[in-house]
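Residue-level structure breakdown
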Protein chains: 2
Amino acid sequence: MILTLTPNPAIDVTYRIGAHAPGDTNRVLEVQRRPGGKGVNVARVLAAVEAPVQALLPLGGEAGRWLGAELDVPFEAVPISGENRTTVTVAGDGHPTVYAEPGPEVSEEEWTAFGSRLAHCLPGADLLVVSGSLPRGASPDLVSDWTRIAREAGVRTLVDASGLALLAAARAGALVKPNRAELLAATSAADEAAGAAALLRLGAQLVVVSRGADGIAAYGQGGVRIVPAIPDVHGNPTGAGDAATAGLAVALAAGRPLIEALRTAAALGAAAVLRPVAGEVDLPAYRRFLNGAPA
Amino acid sequence: MILTLTPNPAIDVTYRIGAHAPGDTNRVLEVQRRPGGKGVNVARVLAAVEAPVQALLPLGGEAGRWLGAELDVPFEAVPISGENRTTVTVAGDGHPTVYAEPGPEVSEEEWTAFGSRLAHCLPGADLLVVSGSLPRGASPDLVSDWTRIAREAGVRTLVDASGLALLAAARAGALVKPNRAELLAATSAADEAAGAAALLRLGAQLVVVSRGADGIAAYGQGGVRIVPAIPDVHGNPTGAGDAATAGLAVALAAGRPLIEALRTAAALGAAAVLRPVAGEVDLPAYRRFLNGAPA
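Predicted model only: the values in this text are computed from it and were never measured.

Take the overall build of chain A next. A tally of regular secondary structure across chain A gives 10 helices and 14 strands. With respect to the three principal axes, the spread of C-alpha positions in chain A is 55 × 50 × 40 Å. Counting only residues that meet the buried cut, chain A has 55% of its 295 residues in that class. Taking contacts inside chain A between residues at least 6 apart in sequence as the whole, the part at least 24 apart equals 61%. Carbon and sulfur atoms make up 51% of the accessible area of chain A, which totals about 11,900 Å². Charged side chains in chain A number 24 positive and 29 negative. The centres of these two groups are separated by 6 Å.

Here you go:
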């Protein structure tokens, strides 16, 4: 079983409108609401490829109640007094506009309870995946704590985070999976190889860098492995990174070789591009891509 | 007691952001959520001036539960299976951008139950105020039905609506309070006087037109009465129309002369401009304006 941890789940709202009129009133033609947050998307992709999965997340307020009712993967919720956030994506005539709420304030006591619940869920897990932003005011050290709790249970941790949380994950010895922009921003490195080397020096067990059309690169103590992107895949890149994380996770949890994990990540990421909604993948395309067939 | 009917209540969400970046991701710095919908704003202003008030509204889903928990005026809720809407206002560096959801689909059976609950609430009411849009797919004839139900209970109805709902209210003999743009749009009249005459011909008992800086005009069978706007009032015009409706309602419900009702409307509307949030009024300023003092 793969355990996914989503520190800052969200109600992902998409507003379909006509021509976008900033500074004016826009009539919403269609509303879609679905559970979101990167860890939730990873869990949904894992469920789609029939990998055993459990999600762990803090839920609070009416938004938390809604998320608990709508989430379609097995999950453990830790109650919080704050209200979970909403992200609004406005899809009009141009590039989508996103409004991202910062998320609830979670107390130290609530994070302690969260860590205890994590320890409770870990027996039986083959891998812990920590994915997405931390709520407002939360310490990046939480990511180190979770990685350590997992190690004490004999479970490896794969972290998809940015900024200080990415650095904290590296320091705690996690496997980390930033995209190239996150890697460069967090390390202030001049290029990808230098950034990956910096994370390895901090203590990261492995640095997997998703690079869009340039494929996926994995930097470890033994050097770098690169798999190319699936060529000629066009669609919606939203959620492709989460699907790639799911691909990495499913192969690593099964003890497959690194190069196979990277190929699985590339195939699942490309299969997600073919679907309009984050957390969904085109399964027949995924199987074709895994077998080396083109798009 | 004044009974306010809100056919399409909303969670009014305001996102404060920095510079607005359409087509990109905007970090929300501050989130405010409050119960909204024009009838809810009217009820809150009535409560603020200590007029006895009761709100009647359809509530459904998690949003409805939230509205019921947060509403700070006495209310009767009719349960619906759909989910109440949200409106998102983005306040950045320019003019605010609004995204308005269409609202839930309410079944015929639910509207019938709504009418029954209205009949149940009317005894003891001095006036019914119907304010705001109808949810998606709802027939404008509902406004006629509510006006008729009120008349059968011996209660007059004041309707602040637009389009076909405004015409239906006029046909049913309600007092109507469009703003000038709504009046011209609904009647396709060349000017305000012609538009008001058209509504009176349809059957409206009184046509009160709010005209911003040009004050308020009331057209009846006996001619037109006009009160000027309170001069030199600067602030946020959002909700000023709802406050003016509340002012009209409180004077009409107390059986005050029309000219006094118009002056009360102008004073409350101006007092709302001085507050940043719809449904709130500057009470000391309201009393000054009523006494003829300048801003």
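Let us now look at the sheet that holds strand β11 (residues 175-176) of chain B. All names here are of chain B. The strand order across the open sheet formed by nine strands is β6-β5-β1-β9-β10-β11-β12-β13-β14, and the pairing between neighbours is mixed. Because the sheet does not close on itself, it has two edges, and the strands there are β6 (75-79) and β14 (223-227). Looking at chain direction, strand β1 (residues 2-5) and strand β9 (residues 127-131) are connected through four bridges and run parallel. When the bridges of β9 are listed, Thr4 appears paired with Val129. Contacting β11, β12 (206-210) and β13 (216-220), helix α7 (residues 192-202) crosses the sheet at an angle of about 40° to β13.

Residues and elements named next belong to chain B. Although it is not a glycine, Glu50 adopts a positive phi angle of roughly 60°. Note that Glu50 resides in the loop between α1 (38-48) and β5 (53-59). Judged by relative accessible area, which is 72%, Glu50 ranks as exposed.

For the pair chain A and chain B, the superposition axis carries a translation of 0.1 Å, the fit reaches an RMSD of 0.1 Å, and the rotation angle comes to 180°. Here the symmetry operator amounts to a two-fold rotation axis. Residue A:Glu62, judged by its C-alpha, is the member of chain A lying nearest the rotation axis, at 3.1 Å.

The next point concerns empty space enclosed by the protein. Regions of empty space are outlined by a rolling probe, equal in size to a water molecule, passed over the atoms. Under the criterion given, the structure shown has one cavity of 30 Å³ or more. Taken as a whole, the largest cavity holds about 320 Å³ of empty space. As for the largest cavity, its lining consists of 22 residues, and the residues nearest its centre are A:Ile11, A:Arg33, A:Thr86, B:Ile11 and B:Thr86. Elements with a minimum of two residues in the lining of the largest cavity: β2 (10-16), α2 (61-70) and β7 (85-91) of chain A together with β2 (10-16), α2 (61-70) and β7 (85-91) of chain B. Residue composition of the lining of the largest cavity, grouped by class: 12 nonpolar, four polar and six charged.

Let us now look at the pairing of β1(B). Residues and elements named next belong to chain B. Every second residue of β1 is oriented toward a common face, with Ile2 and Thr4 on one face and Leu3 and Leu5 on the other, all of them buried. Pairing of β1 with β5 involves four bridges; the strand directions are parallel. Bridged to Thr4 within β5 is Ala55.

This paragraph deals with the interface of chain A and chain B. A common way to report how large an interface is uses the accessible area buried once the components associate. Listed per partner, the contact involves 27 residues of chain A and 26 residues of chain B. Interface area, chain A with chain B, both sides summed: about 2,200 Å², of which 53% is carbon and sulfur. Considering only the side of chain A, the residues that lose the most area to chain B are A:Glu62, A:Tyr99 and A:Glu101, jointly responsible for 26% of the buried surface there. Our enumeration of links across chain A and chain B arrives at four salt bridges. With its nearest N and O atoms 3.8 Å apart, the salt bridge here joins A:Glu62 to B:Arg65. The interface formed by chain A and chain B holds 19 residue pairs in polar contact (both at pLDDT 80 or more) in total. Mapped by element, the contributors of at least two residues to the side of chain A that touches chain B are β3 (25-27), β4 (30-36), α2, β7 and β8 (97-100) of chain A.

As a further point, take the UniProt feature "domain: Carbohydrate kinase PfkB" (unreviewed entry) in chain A. When the UniProt feature table is mapped to this numbering, "domain: Carbohydrate kinase PfkB" (unreviewed entry) covers residues 10-280 of chain A. End-to-end, the C-alpha atoms of residues 10-280 of chain A are 17 Å apart, and along that stretch the chain is 39% helix and 24% strand.

Within the secondary structure layout, B:Glu62 lies in helix α2. Leave out the neighbours within four places in its chain, and B:Glu62 touches A:Glu62, A:Arg65, A:Trp66 and B:Glu83.

By the definition in use, this model includes 34 salt bridges over all chains. As a salt-bridge pair, B:Arg180 and B:Glu192 come within 2.7 Å of each other at their nearest N and O atoms. Pair noted here: B:Arg180 is in helix α6 (residues 180-187) and B:Glu192 is in helix α7, with a separation of 12 residues, a long-range link. Notably, a salt bridge pairs B:Arg275 with B:Glu280, separated by 3.1 Å at the nearest N-O pair. It is possible to trace a salt-bridge network through shared partners that takes in A:Lys38, A:Asp160, A:Lys177 and A:Asp242.

Definitions and limits used
- Residues numbered from 1 in each chain as written.
- Chains lettered and ligands numbered in written order.
- Predicted model: local features only at pLDDT ≥ 70, side-chain atom pairs only at ≥ 80, totals over all residues.
- Heavy atoms only, no water.
- Helix = DSSP H or I, 4+ residues; strand = E, 2+ residues; numbered from the N terminus.
- Buried < 20%, exposed > 50% of the residue type's maximum accessible area, 1.4 Å probe, protein only.
- Contact = heavy atoms within 4.5 Å.
- Areas by Shrake-Rupley, 256 points an atom, 1.4 Å probe, with all protein chains shown as cover.
- Lys, Arg positive; Asp, Glu negative; His and termini not counted.
- Charge placed at Lys NZ, Arg CZ, Asp CG, Glu CD.
- Pairing = 2+ DSSP bridges.
- Axes fitted to C-alpha atoms, helices over the stretch in contact; angles between N-to-C directions.
- Least-squares fit on C-alpha atoms with pLDDT ≥ 70 in both.
- 1 Å grid on protein atoms, 1.4 Å probe; cavity = no way out; pocket = protein on both sides within 12 Å on 5 of 7 lines; lining within 4 Å.
- Points joined across faces, edges and corners; volume = space filled by probe spheres on them.
- Nonpolar A, V, L, I, M, F, W, Y, C, P; charged D, E, K, R; others polar.
- Buried area = accessible area lost by both parts, 1.4 Å probe.
- Salt bridge = Lys/Arg side-chain N within 4 Å of Asp/Glu carboxyl O.
- Polar contact = N/O pair within 3.5 Å; in protein donor to acceptor, adjacent residues only side chain to side chain.
- UniProt positions renumbered as here; feature names shortened; annotations may be inferred.

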